[in-house]
Each structure stands twice: as structure tokens, then as C-alpha cells.
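# Structure assessment
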Amino acid sequence: MAKEIEIPGDDVKSLGNLLGQVLDRIDRKDPLALDERAVGEPMVDAAGEFDDKWKDGRANLKRQCGHLKEACDQIMKAFEDADKETADTLKGDGQQG
């Protein structure tokens, strides 16, 4: 008996959406993200310094997330195309062409 393989389309779609959110936020600098009164000036300064220094890491992360999101989008398109092709085949006489 063949083992059934489950293709996690919902998970792939969710991952693509989450990667899109990462890409949308990665370059955003939010000066209100840290409340100096709550965390103290040294923490705000350290966070700003870290943000300024990780430019190379940010560029690398953006590139890699972009590739992963593109792959997720391509997988979802392939799922949708296969579903449409199957539905079209079932509606017709079963012949392709």
C-alpha cells in the first residue's frame, strides 16, 4: 500500500505571508519602539547602535527571505494550477489538450 503524502499547502501559504511581513518591516526604523523611560537611555542607545551595525546582516536576511518568499509563491501557484487543471479535466471528458 502506498504511503499517503500530505502537502502542507496552508503552511506554505502562511510561511509566504509571514516572510512578506518580515520583508515589509526589515528596513523600518521605529523611533518609538523603545520607550527610554521604560528601558533606560543605555538600552535605547545600544539598540540604535546595533541597528546601525547590522546593515550587512539586514541585506543578507532580506535577500534570503526574498528567495524563500518567492519559492513559497511559486509552490502555491503550482498547487493552484494543478487544482485548476484537475478540475478542468473532471469537468470535461477526461482528455487533455
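Before going into details, it helps to say that this report is about the structure given with it. (Residues numbered from 1 in each chain as written. Predicted model: local features only at pLDDT ≥ 70, side-chain atom pairs only at ≥ 80, totals over all residues. Heavy atoms only, no water.)

## Some details on a negative patch on the surface
- On the surface, a cluster of negative charge is made up of Glu4, Glu6, Asp10 and Asp11.
- Note on placement: Asp10 falls in helix α1 (residues 9–25).
- Residue class for Asp10 comes out exposed when judged on its relative accessible area of 66%. (Patch = residues over 30% accessible without salt bridge, like charges linked within 9 Å, V, L, I, M, F, W, Y side chains within 5 Å. Areas by Shrake-Rupley, 256 points an atom, 1.4 Å probe, with all protein chains shown as cover. Salt bridge = Lys/Arg side-chain N within 4 Å of Asp/Glu carboxyl O. Lys, Arg positive; Asp, Glu negative; His and termini not counted. Charge placed at Lys NZ, Arg CZ, Asp CG, Glu CD. Helix = DSSP H or I, 4+ residues; strand = E, 2+ residues; numbered from the N terminus. Buried < 20%, exposed > 50% of the residue type's maximum accessible area, 1.4 Å probe, protein only.)

## A look at the packing of aromatic side chains
- Taken as a whole and judged by the stated rule, the model has one aromatic pair.
- On the basis of an interplanar angle of 10 degrees and a centroid distance of 6.1 Å, the ring pair of Phe50 and Trp54 is categorised as stacked.
- Judged by relative accessible area, which is 54%, Phe50 ranks as exposed.
- Classification of Trp54 by relative accessible area gives partly exposed; the value is 24%. (Phe/Tyr/Trp six-rings, centres within 6.5 Å; stacked < 30°, edge-to-face > 60°.)

## Here we look at the pattern of salt bridges
- Counted by the stated rule, this structure contains four salt bridges.
- Here Asp73 makes a salt bridge to Lys69, at a shortest N to O gap of 3.1 Å. With Asp73 and Lys69 both in helix α4 (residues 55–91), this residue pair falls four residues apart, about one helical turn.
- We classify Asp73 as partly exposed; its relative accessible area is 40%.

## Remarks on the environment of Cys72
- You can see Cys72 is positioned in helix α4.
- Once the C-alpha coordinates of Cys72 and Lys13 are considered, the two residues, 59 residues apart in sequence, prove to be 6.6 Å apart.
- Each residue touching Cys72, except ones within four places of it in the same chain, is listed here: Val12, Leu15, Gly16 and Leu19. (Contact = heavy atoms within 4.5 Å.)

## Looking at α1
- Between the first and last C-alpha of α1 there are 25 Å, a value that for 17 residues agrees with the 24 Å anticipated at 1.5 Å per step.
- Among the residues making up α1, those that are buried are Gly9, Val12, Gly16, Leu19 and Gly20. Projected onto a plane normal to the axis of α1, the buried residues spread over an arc of 105 degrees and lie on a single side. Across from the buried face of α1, at angles greater than 90 degrees, the exposed residues are Asp10 and Asp11.
- Lining the buried residues of α1 we find α4. (Expected span 1.5 Å × (residues − 1). Arc of directions from axis to C-beta.)

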